[in-house]
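Structural overview
The residues making up each chain are set out below.
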Amino acid sequence: MSCCNDIERCETTEVHEELLQIVNEKMPAEEELYDLSELFKVFGDSTRIRILFVLFEAEVCVCDLAAALNMTQSAVSHQLRILKQNRLVKSRREGKSIFYSLADAHVRTIIDQGLEHIEED
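Because the structure is predicted, anything quoted here is derived from the model rather than measured.

Turning next to the pairing of strand E3 (residues 97-102). Sheet analysis places strand E1 (residues 60-61) next to E3, joined by two bridges and oriented antiparallel. The residue of E3 that forms the bridge with valine 60 is tyrosine 100. With six bridges connecting them, strand E2 (residues 89-94) and E3 associate as antiparallel partners. Bridged to serine 91 within E3 is tyrosine 100. Here E2 folds back onto E3, and the loop between the two strands holds two residues, one of which, glycine 95, carries a positive phi near 65°.

Spelled out as structure tokens, the structure:
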């Protein structure tokens, strides 16, 4: 049995050239599509999502994040590095501590939109 038998298909093959032209004009460059897919991969880890939820509430240091998430500082630092490399969080030094916060409002918007989507009926 084919994997695609339950997918509805057109009964005839007809390419709509005007539609394809519009799509091709609006399609981002391949490099942008790659970068976007890489960004969404970052959101594919529940630990990183948990870190972002903590950062929605406050700017915190690694010690606080580790305690809030019941994780080691090393594990939290590893995830923060990935979030920072993808410009989702930023850091600042205060004395011997480094505090992390969301990079900008877009991060919350992305998460809020995802939550809204999964909560739809």
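The sheet built from three strands is open, its strands ordered E1-E3-E2 with antiparallel pairing. Among the strands making up the open sheet, the edge pair consists of E1 and E2.

Criteria and cut-off values
- Residues numbered from 1 in each chain as written.
- Predicted model: local features only at pLDDT ≥ 70, side-chain atom pairs only at ≥ 80, totals over all residues.
- Heavy atoms only, no water.
- Pairing = 2+ DSSP bridges.
- Helix = DSSP H or I, 4+ residues; strand = E, 2+ residues; numbered from the N terminus.

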